[in-house]
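For reference, the chains in residue letters:
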Amino acid sequence: MISGCAANSLQCARPRRAAGSRRVHLSQLMALVVAWLAMGASCLHAQQSSPTENQVKSAYLYNFGKFVEWPAKGVTGGEFFTFCVLGDDSFSSTLETTIAGESINGKKVLAKRVAKPQDAVSCRILFISSSEQSRLKEIVAALEDTSVLTVSDMPQFTRRGGMIQFVVEANRVRFEVNLTNAERAGLTLSSQLLKVAIDVKRSAQPGS
Amino acid sequence: MFRVRGSSITKRLTTMNILVSGAALLISCAAFVAYDRVSFRRAMVHNLSIQAQIAGSNSVSALLFDDARTAESTLSALKAAPNIVSAGIYTPEGRPFAMYRRDGAGENLELPPILSGQIEAHWFEDGQLTVVRTIVFQEKPAGTVFIRSDLQEMSHRLKRYAGIAALVLFASLIAALLVASVFQRAVAEPIVHLATIAGIVSRDKDYSVRATSTGNRDEPDILIQAFNEMLEQIQQREGALQRAQHELEQRVRERTTQLAVTNKELDLRNREVERATQMKSKFLASMSHELRTPLNAIVGFSDLLAEGTPGQLNDKQKRFVNHIKQGSAHLLQLINDILDLSKIEAGQLEMRTEEFFVKDALPEVLSTIHPLAMAKNIRVEQKVESKSLVKADRVRLKQILYNLLSNAVKFTPNDGRVAIECVDHWDFVRVSVTDSGIGIRPEDQKVIFDEFRQVEGSANGINEGTGLGLAITKRLVEQQGGQISVESELGKGSRFTFTLLAAETTSEVPPVAEPPTAPVIAASGRLTPLVLIVDDEGSARELLASYLEPEYRVATAESGAEALKKAQQLRPDAITLDVLMPASNGFETLAALRKNPETANIPVIILSIVDQKQVGFALGATDYLIKPVRKPALLETIRRHVPLPADDDSSILLVDDDPKALELLEETLRAAGYETQGVRSGRRALDVLANKAVGAILLDLLMPGMDGFEVIRHVRQEAALKDLPILVMTGKTLTAEEAALLSRETQALLQKNGSWQQQLIVELRRVIGGRKLAKSAGQS
């Protein structure tokens with residue numbers, strides 16, 4: 001396995017001439033994430049930096065954009081695919097670095113911080129930091145009748161009107177889905193996405 | 001197979017059908033299977049690729065969200081496809097992410113090769129198909145999926161196909177056989193039938209059989225019809241041929257009958273002709289006999305009268321007798337010539353060809369010619385350069401030479417010259433007789449060889465020939481394969497040239513070959529005693545020779561040396577030797593002759609102007625005569641020393657039915673010193689022989705009762721008379737058989753013509769003398 005690690009590290013370290021630096025960045029990140037997940041810490045000590053939880057979550061967030069369909073009417077933001085972060089500043093910067101230069105369905109991705117839920121109406125995906133737990137009800141209410149995919153790592157998020165909630169399970173980042181909440185927002189979650197979710201909830205009382 | 005027949009065409013058709021259909025089926029089956037295999041593989045690849053695609057796209061989220069369990073469960077759906085051995089999903093970096101194995105857990109799966117620039121690759125290996133595909137999600141590689149499938153399905157399918165192909169092949173072969181049997185009926189059967197009929201025709205020569213038509217308008221039927229037409233034509237021709245043959249046979253029979261009739265007629269005519277020929281021959285023979293016999297009497301008695309045997313005649317009587325002599329001699333010559341010519345014309349002249357040298361035939365002729373020439377003081381020269389044997393009849397050659405030479409002498413004035421030359425010329429020996437006579441005019445040269453043509457205008461009494469001599473000569477030359485020609489200038493002389501065929505072998509016969517038993521006439525001159533004349537003067541030699549000839553043969557030598565050589569070579573019966581000679585004188589020569597045992601016993605008679613008898617006799621000379629020598633003295637001396645036939649104690653028995661001839665012979669022989677007894681029939685002759693010993697018989701051939709041939713037969717049967725010399729004298733024309741018989745049984749043959757008396761004496765001396773010599777040689 002040491003040799004395998006060596007090979008991986010080499011491959012990871014190899015510069016890609018054709019690609020832009022940002023693109024390299026994500027690929028590297030992805031590789032690091034996967035490597036970290038699969039091989040465990042023994043191998044990771046060789047990497048320059050192991051992906052943090054926030055980095056993994058940022059990558060997942062980006063991936064969600066690929067498996068979700070937004071209704072044609074409810075989409076705003078024009079030519080950009082906007083990721084918004086409500087709350088915690090540190091995540092926002094991690095996300096920004098992670099998805100910089102990428103695009104989804106031909107649209108360039110854009111990360112921005114929002115201060116209040118009303119600002120997130122034009123976002124496609126809104127990450128709600130755990131710090132906003134207290135005013136979650138308000139946020140959900142604010143986003144009612146919009147097509148924003150809400151993601152958070154706060155507990156009970158899907159039970160309380162959220163759509164996708166990160167769960168750390170055995171040192172791995174997983175997620176669960178409340179499909180009813182997503183469908184209410186007019187979003188279609190790919191079965192592929194649902195397949196990898198650890199839990200897909202269907203029934204939930206809005207606002208509870 | 002369906003029809004058991006020995007015909008090879010049936011077998012071949014069947015074999016061909018099976019082979020063709022089998023080959024076609026095999027090729028098409030092979031092509032079909034090959035194509036199916038290719039397309040099946042392609043379909044397999046396609047299916048597997050789709051499955052890989054599905055598996056891949058179903059695993060995208062699992063990959064992205066690092067959910068290996070989900071990926072594995074996705075892969076486990078492949079259980080539904082029993083052909084899939086294993087499958088796997090790998091991260092973009094090539095790490096195994098999720099695995100599926102049909103047989104449950106197994107060893108770790110190896111990494112599939114990394115694709116370069118393609119999103120999918122497949123390969124067949126170890127009976128397995130592997131498809132590797134890059135999982136692309138939103139234009140980005142999300143990982144790699146591979147699926148491995150076994151090929152059992154394909155091999156099952158191929159096995160199935162092989163079974164089906166074998167089945168189809170088998171069914172097709174059966175069908176082909178069935179079809180072949182149908183074809184045989186349609187194609188082979190007419191041909192087999194045709195072959196059978198052709199076999200019958202060629203074996204039995206029966207052209208009436210016909211092949212049966214198939215009824216179809218196909219090629220075999222056309223063949224059969226053509227064959228039948230051919231048979232028809234052959235049959236017709238055969239018939240025509242047989243008819244023609246019958247006609248031909250009929251015609252041949254008719255012709256044969258005709259021929260037989262013609263043959264019979266021809267035979268009859270032939271016999272008539274034969275009889276006529278025989279009659280002609282008989283006529284000629286009796287003519288020759290009947291005419292010559294009285295003429296002989298006339299000639300002989302007038303000779304005797306002229307010689308004065310019965311008493312001296314006065315001058316007038318002598319002149320008359322000479323006229324008779326000349327006239328009768330001319331008549332005899334004429335008769336002989338006419339007989340010769342008619343024999344030649346009738347083709348009855350028989351040539352007895354032998355090989356000899358011309359110079360051997362010359363002396364005899366010259367001995368006859370010399371007296372004629374000497375009477376006119378004509379010089380006779382001979383120049384014989386020929387070294388070749390000629391192939392000719394010796395007697396006829398002598399006749400030719402005699403004719404030409406006597407002509408030459410006749411037409412040459414006194415003191416003239418006659419020459420005979422003989423040279424080799426290619427394959428011929430050319431003999432020419434030249435004279436210095438009156439010559440022949442050019443216009444006469446053309447007719448000179450015609451019968452009864454004589455050169456006109458020679459009125460000076462020379463013209464006394466028969467006019468047949470040259471005609472006969474020409475014919476004789478031509479009958480022997482030669483040619484004769486004449487060249488002449490009027491007043492200067494003529495030259496007659498004729499050719500004789502040269503014999504092919506020249507070297508084998510020695511130059512002085514003297515066969516001990518030569519034909520009688522040919523040998524007549526040869527056994528005449530030979531005298532060698534040795535003198536340095538040509539005229540003296542000639543004179544002596546003329547004295548001695550024709551009783552003796554003559555050889556000459558100019559010098560002592562030549563004399564020694566010739567004496568040893570020729571063994572002469574006597575030698576006349578001159579003493580005064582330039583090189584070596586006669587006495588030396590004599591001494592040398594006596595010294596050599598081979599020549600010591602030859603009588604040598606010295607003829608010299610000087611009288612040195614004592615020296616001569618001391619040296620061994622036999623006799624010595626002083627020149628000038630006269631003829632009688634020389635002859636007498638030589639006769640004394642050379643054994644001569646005349647012998648008192650033996651008489652000659654003369655047999656001739658003609659009393660005149662008998663008397664003539666008696667007179668002639670008595671004049672020559674012989675005793676005679678004459679009888680007139682063969683029977684009488686045998687009676688005399690039974691009681692009395694005689695020296696020789698002189699026999700006529702044609703006599704009434706017992707003829708000469710019978711006498712000879714009787715005489716030769718008696719042992720005591722076996723060696724008795726018989727001389728035949730006849731006017732009869734002899735056939736080849738008769739001549740052969742006579743040459744075998746008798747010692748001499750004389751023709752009753754002009755100069756027979758002299759020849760008779762010569763022959764008698766030769767025969768009797770020769771016999772005596774032989775006897776004395778036997779005694780010593």
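Structural notes, computed from the coordinates.

Criteria and cut-off values
Residues numbered from 1 in each chain as written. Chains lettered and ligands numbered in written order. Predicted model: local features only at pLDDT ≥ 70, side-chain atom pairs only at ≥ 80, totals over all residues. Heavy atoms only, no water. Helix = DSSP H or I, 4+ residues; strand = E, 2+ residues; numbered from the N terminus. Buried < 20%, exposed > 50% of the residue type's maximum accessible area, 1.4 Å probe, protein only. Areas by Shrake-Rupley, 256 points an atom, 1.4 Å probe, with all protein chains shown as cover. Arc of directions from axis to C-beta. Contact = heavy atoms within 4.5 Å. Phe/Tyr/Trp six-rings, centres within 6.5 Å; stacked < 30°, edge-to-face > 60°. Lys NZ or Arg CZ within 6 Å of the ring centre and 35° of its normal. Pairing = 2+ DSSP bridges.

### Focus: the overall build of chain A
Summing up its helical and strand segments, chain A has eight helices and 10 strands in all. Here chain A holds 208 residues, and 46% of them are scored as buried. Of the roughly 10,200 Å² that chain A leaves accessible, carbon and sulfur atoms contribute 50%.

### Some remarks on helix H18 (residues 682-691) of chain B
Residue and element names in this part refer to chain B. Within the sequence span of H18, burial applies to Gly682, Ala685, Leu686, Val688 and Leu689. With its buried residues spanning 160 degrees around the axis, H18 presents them on a single face. Summarising the geometry of H18, the exposed residues directed more than 90 degrees from the buried face are Arg683, Ala690 and Asn691. Lining the buried residues of H18 we find strand S18 (651-655), strand S19 (675-679), strand S20 (696-699) and helix H19 (708-717).

### Brief notes about the packing of aromatic side chains
Residue and element names in this part refer to chain A. This model, assessed by the stated rule, comprises 15 aromatic pairs over all chains. Aromatic side chains Phe64 and Phe175 sit 4.9 Å apart centroid to centroid with 80 degrees between the ring planes, which places their arrangement in the edge-to-face category. On the criterion of sequence distance, the pair formed by Phe64 in helix H4 (residues 53-67) and Phe175 in strand S8 (residues 172-178) is long-range, its members being 111 residues apart. A residue is classified by how much of its surface remains accessible, and Phe64, at 0% relative accessible area, is buried. Owing to a relative accessible area of 0%, Phe175 belongs among the buried residues under this scheme. Stacked on the ring of Trp70, the Lys or Arg Arg124 has its end atom at 5.3 Å from the ring centre.

### Observations concerning the pairing of strand S5 (residues 140-150) of chain B
All names here are of chain B. In terms of burial, S5 is largely enclosed, as nine of its 11 residues are buried. As defined by bridge partners, strand S1 (residues 84-90) adjoins S5 across six bridges and the pair is classed as antiparallel. Counted as the bridge partner of Ile84 is Ser149 from S5. Sheet analysis places strand S4 (residues 128-137) next to S5, joined by 10 bridges and oriented antiparallel. Its bridge partner being in S5, Thr134 is matched across the sheet by Thr144. Where S4 hands over to S5, the hairpin turn is made up of two residues, of which Gln138 adopts a positive phi near 45 degrees.

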